[in-house]
Amino acid sequence: MLFERIEEELREACAQVCPDWPPEELRIRKCPSPRFGDYQSNSIMALAKRSGGQARRIAGEIAERMPGAGSVCRSVEVAGPGFLNFRVRDQAVEDCLNESDPERCLVEPASVPRTVLVDFSSPNVAKPMHVGHIRSTNLGDCLARMLRFAGHRVITDNHIGDWGTQFGKLIVGWKTDLEAAALEWDALGELERLYRQINQRCETEPDTLRRSREELVALQRGEAANRKIWRRMIELSRRQFDELYSRLGVTFDHTLGESFYNDRLQDLVEEMKSSGLAQESEGAVMVFFPEAEDLKGHPAMIRKSDGASNYMTTDLATLEYRCRQWPLDEIVYVTDGRQQLHFRQLFGVWRRWRQNEIPKLTHVWFGSIMGPDGKPFKTRSGGTIRLAELLNEAEERARKFVETKNPDLKDGQKRKIAAIVGIGAVKYADLLSNRQSDYVFDWDTLLSLKGNTAPYLQYAYTRTCGIFRKYGGDLAHLRETKRIRLEHGEELDLARQMIDFPLALRAALDEYRPNYLCSYLYDLAGRLAQLYENCPILKAAAETRDSRLLLVDRAGTMIRQGLALLGIEVSDRM
Ligand code: ARG
C-alpha cells in the first residue's frame, strides 16, 4: 500500500539517476526514530558502495526527483552518509485506510507469487509429543499462514518419523509385553513404556538385542505380521497427533512420513555412487565437500556401514520427490537448532547433485524452552512435559482467569474462551521470543493481561467489540456510509501505526521471524489504548464519533487478523 507506493516512487527516481541499479534492492523500512520521518531507506548507501558512487550526492539527486505535490510524501530528506527519510502526508494515511479492504490489513498479494513448501512439526511416531514439539508446530504453521496471506502458494508437509531402528525394539515389546488396556487408554504412553523397557533389556540381555534386530529385519523385508504391528503403531500415533493438532488449530496438506521414501533409498545411493558424487569410506557411503569451507571436515553419510540408509538418505529422497511433485520455489524446514549441520549437509549434497539453485532451501531453526529456573523445561520429577498436559494446564489456568473476569457467562462459553486464551497464550509466548534464543516458560508472564501477551492482545480486540455493543448502532451501515477522518494527534498516531502492518509482515517473512509481527501488534494495541485514554468515542459529537468508531473497528480487525496469522483466535467476550 503506502510503503509500496513510496518504494515505487523511489525506484522510479533512482532509475533516472542510476539506471543500472537493481530496483528490487531499493527498499524502505520504518524510520528508527519518528523525529526523522515515517520511513527511511538505507539502500542507497549499500548500492553506492558497490558501484563506487557517492551515496550522499546520489541520495540528493534521487530526492530531487521524487515528486512533490500529489505524492504520498510531504517531504523527502537526505540524512547522514546517504539515508533518505520520508514523511507521509496525513491525507495519504487517511485515504489509504478509507480505501482499502479492512480484512486485508493493507497487504497486497505478492505480484510474483512463489510456491513454498513448509516442512514442520514432524514428530516421531510411537512417542508422545512433548513441549519441544510446540516450537516447530507453531513456527511452521505461522510461517505457512503468513506466506499464504501474502499471496504465495503454500504446501505443508508433516515429515513424521515413522521408520527406523526403534521399530525392532517396539515390535519385540508389542509381541511380549503389550498391555491392551494401557494401549487403549494412552497409546503413545504405552508404546513409550514398551520401548524403554526393551531398550533397557537389550543392554543386559543379548537375546533381546538379537531378537530386536531380527524383528527389524523382518519388518524391513515386509513380513506381514510385523508390517501390521508397525502400521497399527503409526495409526495410533497419528490419532493422538491429530487430537493435538486440532486443539492447536494446525492442519497439514500432506503427512508423508519417512517410510514413504523407503523404496527409493537404495537406488538413490547407487546413483550417487556411480555418478562419482558419493564414495565408499570404511564400509559406509559418504559425500565429501572438498570445496565448501564450512563442510570440509563434515562429510555426509548416506549409507551406514551395516548397509542401512539413514536420516540423510531419506531427506535426499524426500527433497527429490518434492521437486518432482511440485514446482517449488522454496522449501522451508522448521526444526530445532541441533539439526543445523544436518541441513547444511543436506543442502550441500543437493546442490552438488542437482547443480541448480532452485528451489531455495532454508533451515529455520529455533532454541529451547527453559523452565523458570533457567534449566531445560521439565516436570518436577525431571521428566519431559507432554504437550497435551501443557495445553490442559493452559486451559485450566485460563479458566480461572475467565471465572474472575466474567463469572456470569454460561459454562460452555467459559470453556471456549479458556481454550482460546490458554492456548493462545502458550503459542504467543513461543512466537514472541527471538526464535534462535532459548526462552523461559513462565505461566504468570504469558497469561498476564499486562505486557506483551496473547491475552493482552485478545483483550484489545474484545474491547473493540464491547464498544460496538455499547454503541448499539448499525456498524455495517456506518462502514458503508462514513469515512475515517484523522484530526487528533492520537488518531493520527494510531493510523500511522496501522499503515505499517504490511511492513511488519514483510519483515517477519524476510527473516522467518514472527516475533516482528508480535511486536508490531503489541505497539498497535498500545496506540489504540492511548486513543481510548485521550479521545472520547461514544461521547464525541456525531461526526467525530462515527469516524472514531470506524478507526477502532479497523484497528480491531487488524489485531484479529494479525493474531490469526500467528494461529491465535479471539473472542468477542473475555
Ligand atoms: N522427525 C525429525 C525429528 O523429530 C524432524 C524432521 C524434520 N524434517 C526433515 N525433513 N528432516 O527430529
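Details of the structure are given in the entry above.
Residues numbered from 1 in each chain as written. Predicted model: local features only at pLDDT ≥ 70, side-chain atom pairs only at ≥ 80, totals over all residues. Heavy atoms only, no water.

Novice: Tell me about the site of the ligand, and please be specific about residues and values.
Specialist: Every residue close to the ligand is listed here: Asp-119, Ser-122, Asn-124, His-159, Tyr-311, Asp-315, Tyr-333, Thr-335, Gln-339 and Phe-343. Contact with the protein chains covers 87% of the free accessible surface of the ligand, which is 350 Å². Mapped onto the shell around the ligand, the elements with two or more residues apiece are helix H12 (311-325) and strand S10 (330-336). Looking at the shell around the ligand residue by residue, the class counts come to three nonpolar, five polar and two charged. (Near = heavy atom within 4 Å. Areas by Shrake-Rupley, 256 points an atom, 1.4 Å probe, with all protein chains shown as cover. Helix = DSSP H or I, 4+ residues; strand = E, 2+ residues; numbered from the N terminus. Nonpolar A, V, L, I, M, F, W, Y, C, P; charged D, E, K, R; others polar.)

Novice: I'd like a description of the sheet that holds strand S6 (residues 153-157), backed by residues and values.
Specialist: Taking strand neighbours across the sheet as the criterion, the four strands line up as S6-S5-S10-S11 in an open arrangement whose pairing is parallel. In the strand order of this sheet, the two ends are held by S6 and strand S11 (360-366), each with one partner. Within the sheet, the average angular offset between the axes of one strand and its neighbour, ignoring direction, is 20°. Judged from the four bridges that link them, strand S5 (residues 115-119) and S10 form a sheet pairing that is parallel. By the bridge assignment for S10, Leu-117 is matched with Ile-331. Of the strands in this sheet, S5, S6, S10 and S11 are in contact with H12, which crosses S10 at around 150°. (Pairing = 2+ DSSP bridges. Axes fitted to C-alpha atoms, helices over the stretch in contact; angles between N-to-C directions. Contact = heavy atoms within 4.5 Å.)

Novice: So what's going on with the sheet that holds strand S3 (residues 73-79)? Residues and values would help.
Specialist: Across the sheet, which stays open at both edges, the four strands sit in the order S1-S2-S4-S3 with antiparallel pairing between neighbours. Two strands bound the open sheet, and with one partner strand each, they are strand S1 (29-30) and S3. Bridge analysis of S1 against strand S2 (residues 39-41) gives two bridges, and the strand direction is antiparallel. What sits directly across from Lys-30, in S2, is Tyr-39.

Novice: I'd like to hear about the pairing of S11, residue by residue, with values.
Specialist: Burial analysis of S11 places five of its seven residues in the buried class, which makes it a mostly covered element. In this sheet, S11 lies alongside S10 in parallel orientation, the contact comprising seven bridges. Bridging from a neighbouring strand, Val-334 pairs with Val-364 of S11. Handedness of the crossover joining S10 and S11 through helix H13 (residues 340-354): right-handed. (Buried < 20%, exposed > 50% of the residue type's maximum accessible area, 1.4 Å probe, protein only. Right-handed = clockwise from strand over helix to strand, strands pointing away.)

Novice: Please set out the packing of helix H8 (residues 187-204) against helix H10 (residues 224-248) residue by residue, giving values where relevant.
Specialist: Viewed as axis vectors pointing N to C, H8 and H10 meet at an angle of 130°, and their least axial separation amounts to 9 Å. The orientation of H8 with respect to H10, classified from their angle, is oblique. Facing H8, whose interface residues are Ala-187, Leu-188 and Leu-191, H10 presents Met-233, Leu-236, Ser-237, Gln-240 and Phe-241. Of the residues contributing to the contact of H8 with H10, the split by class is six nonpolar, two polar and no charged. (Parallel < 35°, antiparallel > 145°, perpendicular 65-115°, else oblique.)

Novice: Summarise the packing of aromatic side chains; cite the residues concerned and give the values.
Specialist: Enumeration over the complete set of coordinates arrives at 15 aromatic pairs. Consider the rings of Phe-260 and Tyr-321, whose centres lie 5.1 Å apart with planes at 80°: the pair is edge-to-face. With Phe-260 in the loop between H10 and helix H11 (262-274) and Tyr-321 in helix H12, the pair connects residues that are 61 residues apart, well separated along the chain. Under the relative-accessibility criterion, Phe-260 is labelled partly exposed at 40%. Ring geometry for Phe-441 against Trp-443: centres 5.0 Å apart, planes inclined by 90°, an arrangement best described as edge-to-face. (Phe/Tyr/Trp six-rings, centres within 6.5 Å; stacked < 30°, edge-to-face > 60°.)

Novice: Before we move on, could you go through helix H3 (residues 55-64) and cite the residues and values that matter?
Specialist: Three or four residues apart is the spacing at which side chains of an α-helix point the same way, because the helix has 3.6 residues per turn. Considered for burial, the residues of H3 that qualify are Ala-55, Ile-58, Ala-59, Gly-60, Ile-62 and Ala-63. Buried residues along H3 sit against helix H1 (2-17), helix H2 (43-51), S3 and strand S4 (83-88).

Novice: A description of the packing of helix H20 (residues 501-510) against helix H21 (residues 515-534) should follow, citing residues and the corresponding values.
Specialist: As a packed pair, H20 and H21 sit with axes 7 Å apart at the nearest point and diverge in direction by 155°. When the interaxial angle is binned, H20 and H21 end up roughly antiparallel. Residues Phe-501, Ala-504, Ala-507 and Ala-508 of H20 pack against Tyr-516, Leu-517, Tyr-520 and Leu-521 of H21. Class assignment of the residues belonging to the contact of H20 with H21 gives a composition of eight nonpolar, no polar and no charged.

Novice: Help me get a handle on the side chain of Thr-453, residues and values and all.
Specialist: Along the chain, Thr-453 falls in the loop between helix H16 (443-446) and helix H17 (454-471). A relative accessible area of 4% means that Thr-453 is categorised as buried. Every residue in contact with Thr-453, bar those within four places of it in the chain, is listed here: Tyr-428, Thr-445, Leu-446 and Ser-448.

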